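Fold and geometry: a report
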Amino acid sequence: MRAEFTQHLHRVTAGGAEIRYLRVGHGTSIVLVHTLRTQLEYFAALLEHLDTGRLEVLAIDLPGHGESGAPSVDYTAGYFTDTVAALLDVCEVEDAIVVGESIGGSIALALAARQYKRITQVVAINPYDYGRWGGIRRSSALANVLFTAMLWPAIGPIVAGTETRGILRRVLAGGLHDPAALPAELVERLSRCGALPGHARAFRSLCLHWRSWIDARADYGAIELPVTLVYGDDDWSRPNEREANARAIPGVRTVKLASSGHFSSLEKPGEIAQLINELA
């Protein structure tokens, strides 16, 4: 992320958590909500493609991610959605396009299903609303073992607290069509922030509440806002799961990103920026 953006980083308490966020630019409000186990720097490449002369971009560190706080709560889909809504209320954001990826995409869809007043459109990229015991287990054989063990009562907290940079890199690479798209500096930052107090516990709680992300799909039929549903062709979701979401969301527009995995903003930032610019 460009050095000049750092002066636009802020902190505020929202939904009982201290939230770090970036707010930069002027114009149509674009809210960026990152994937599971990443943070706002995940969108560094995408930010390079967005015109902050005509767009106001607000990128969030979700609770238990990045440099935001990690309160002792259940990290359900509903909790994350409540917190993002509270942040947008505090920041007095109006008429926003919410662009979310992975759990961020699911949060964006949940806000739309609530008819949340501060948003007008949603771009949901590879929403994380599938997979028994958590879709991240589809990343690789290693991820399947790790994230299954993380759910076990006795050993789970130990597994969550012993993540290494190498393990993190391998799990994230399993969500990419081209693993070379994973910046080493991002892995370094994610590893450092993942060691902050409470973050391992928060991430395990997110994984334990995997069913809440799937259950949230039941509300998609209540969505009345325009939705663009975007999938990388190598996303962890399966074709039948993508088709089910397209059927569930009224009037949805669907887009496929070629040669792209779950972490599409790392591989296709220009194409995602073009989608945003078209909507804005």
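Provided above is the structure to which this section pertains.
For the structure given in this document, a descriptive report is provided here.

Thresholds, definitions, all that
- Every chain is numbered independently, its residues counted from 1 as its sequence is written.
- Confidence filtering applies because this is a predicted model: local features only for residues at pLDDT of at least 70, side-chain atom pairs given and counted only at 80 or more, and all residues used for totals across whole chains, interfaces and linings.
- Values shown for side chains rest on all heavy atoms present in the structure; no hydrogens or waters enter the calculation.
- One requirement defines pairing of two strands: DSSP has to find at least two bridges between them.
- Helix and strand definitions here come from DSSP, where helices need a minimum of 4 consecutive H or I residues and strands a minimum of 2 consecutive E residues; each element is numbered from the N-terminal end.
- Convention used here: a crossover is right-handed provided that the path from the first strand, over the helix, to the second strand proceeds clockwise when the strands point away from the viewer.
- A pair of aromatic rings is counted whenever rings of Phe, Tyr or Trp (Trp by its six-membered ring) have centres within 6.5 Å, and the orientation is called stacked for planes under 30 degrees apart, edge-to-face for over 60 and tilted otherwise.
- Each residue gets one of three labels from its accessible area relative to the maximum for its type: buried under 20%, exposed over 50%, partly exposed in between, using a 1.4 Å probe on protein chains only.
- Here, a salt bridge means any Lys or Arg side-chain nitrogen found within 4 Å of an Asp or Glu carboxyl oxygen.
- Patches draw on residues past 30% relative accessible area with no salt bridge. Two like charges within 9 Å are joined, as are two nonpolar side chains (Val, Leu, Ile, Met, Phe, Trp, Tyr) within 5 Å.
- Here the accessible surface of atoms and residues is derived via Shrake-Rupley with a 1.4 Å probe, and residues count as covered only by protein chains that are part of the display.
- Only the stretch in contact is used when fitting a helix axis, every axis being a line fitted to C-alpha atoms; angles between N-to-C directions are given from 0 to 180 degrees.
- Helix crossings are classified by the rotation of the near helix relative to the far one: an anticlockwise turn of less than a right angle makes the crossing left-handed, while a clockwise turn makes it right-handed.
- In this analysis, two residues are considered to be in contact whenever any of their non-hydrogen atoms come within 4.5 Å of each other.
- Residues are grouped as follows: nonpolar covers Ala, Val, Leu, Ile, Met, Phe, Trp, Tyr, Cys and Pro; charged covers Asp, Glu, Lys and Arg; every other residue, Gly included, is treated as polar.
- Using protein atoms alone on a 1 Å grid, points that fit a 1.4 Å probe yet trap it form a cavity, whereas open point sets bounded by protein on both sides within 12 Å along at least five of seven lines form a pocket; residues with an atom within 4 Å of a point count as lining.
- Grid points are joined across faces, edges and corners, and a volume is the space filled by probe spheres set on the points.

Sheet topology places strand S1 (residues 9-14) next to strand S2 (residues 17-25); six bridges connect them, and they run antiparallel. Directly across from Ala14, in S2, lies its bridge partner Ala17. Once S1 ends, the chain turns through two residues before running back antiparallel as S2, passing Gly15 with a positive phi of about 60°.

With five bridges joining them, strand S7 (residues 227-232) and strand S8 (residues 253-257) adopt parallel strand pairing. Paired with Val230 across the bridge in S8 is Val255. Regarding topology, helix H10 (residues 239-248) serves as the crossover connection from S7 to the parallel S8, and that connection is right-handed.

What follows deals with the packing of aromatic side chains. Counted under the stated rule, the structure contains nine aromatic pairs. On the numbers, 6.2 Å between centres and 70° between planes, the contact of Tyr42 with Phe263 is edge-to-face. Remark: Phe263 occurs in the loop between S8 and helix H11 (264-267) and Tyr42 occurs in the loop between strand S3 (28-33) and helix H1 (44-49); sequence separation between them is 221 residues. A relative accessible area of 1% places Tyr42 in the buried class. Here the aromatic rings of Phe147 and Phe203 are separated by 5.8 Å at their centres, their planes lie at 80°, and the arrangement is edge-to-face. In this pair, Phe147 sits in helix H4 (residues 141-149) while Phe203 sits in helix H8 (residues 199-208), placing the two residues 56 residues apart along the sequence. As far as burial versus exposure is concerned, Phe147 and Phe203 are alike and both buried. A network of ring pairs unites the aromatic residues Tyr42, Phe43, Trp236 and Phe263 as a single cluster.

Our focus in this paragraph is the pattern of salt bridges. This model, assessed by the stated rule, comprises 17 salt bridges. With its nearest N and O atoms 2.7 Å apart, the salt bridge here joins Arg118 to Asp89. With Arg118 in the loop between helix H3 (103-113) and strand S6 (119-125) and Asp89 in helix H2 (residues 77-90), this pair connects stretches of sequence that are 29 residues apart. One network of salt bridges, in which partners are shared, links Arg11, Glu18, Arg20, Glu41, Asp61, Glu67 and Arg189.

A word on a nonpolar patch on the surface. A surface patch of nonpolar side chains, about 310 Å² in accessible area, is lined by Trp152, Ile155 and Ile158. Counting through the fold element by element, Ile158 comes out in helix H5 (residues 156-161). In this structure Ile158 comes out as exposed when scored by relative accessible area, which is 52%.

Between two packed helices, what matters for the description is the angle formed by their axes and the separation of those axes. Orientation of H4 relative to helix H6 (residues 165-173), taken along the N-to-C sense of each, is 115°, at an axis distance of 9 Å. Read as a crossing pair, H4 and H6 show a hand that is left-handed. In contact with Leu142, Ala143, Leu146 and Phe147 of H4, H6 contributes Ile167, Arg170 and Val171. A per-class count over the contact of H4 with H6 returns six nonpolar, no polar and one charged.

Attention shifts here to unusual backbone geometry. Unusually for a residue other than glycine, Asn126 sits at a positive phi of about 45°. For Asn126, the position within the fold is in the loop between S6 and H4. According to the relative accessible area criterion, Asn126 is buried, its value standing at 0%. Despite not being glycine, Trp133 shows a phi value in the positive range, around 70°. Within the secondary structure, Trp133 is located in the loop between S6 and H4. For Trp133, a relative accessible area of 34% gives the class partly exposed.

What follows deals with the environment of Ala141. Relative to the elements of secondary structure, Ala141 occurs in helix H4. You can call Ala141 exposed: its relative accessible area is 62%. Taking C-alpha positions, Ala141 is 9.4 Å from Val171, a pair spaced 30 residues apart along the chain.

What the largest pocket holds in volume is close to 390 Å³. Along the walls of the largest pocket sit 24 residues, with Arg37, Ala160, Glu163, Gly194 and Phe203 positioned nearest its centre. Elements represented by at least two residues in the lining of the largest pocket include exactly H4, H5, H6, helix H7 (184-194) and H8. The residue makeup of the lining of the largest pocket, split by class, is 13 nonpolar, nine polar and two charged. Put simply, the second largest pocket is a space of about 270 Å³. If you list the elements that add at least two residues to the lining of the second largest pocket, you get H1 and H7. Broken down by element, the residue count for the lining of the second largest pocket peaks at three residues, all from H7. Tallied by class, the residues present in the lining of the second largest pocket amount to nine nonpolar, one polar and five charged.

Fair warning: the whole summary comes from geometry, so function is off the table for now.
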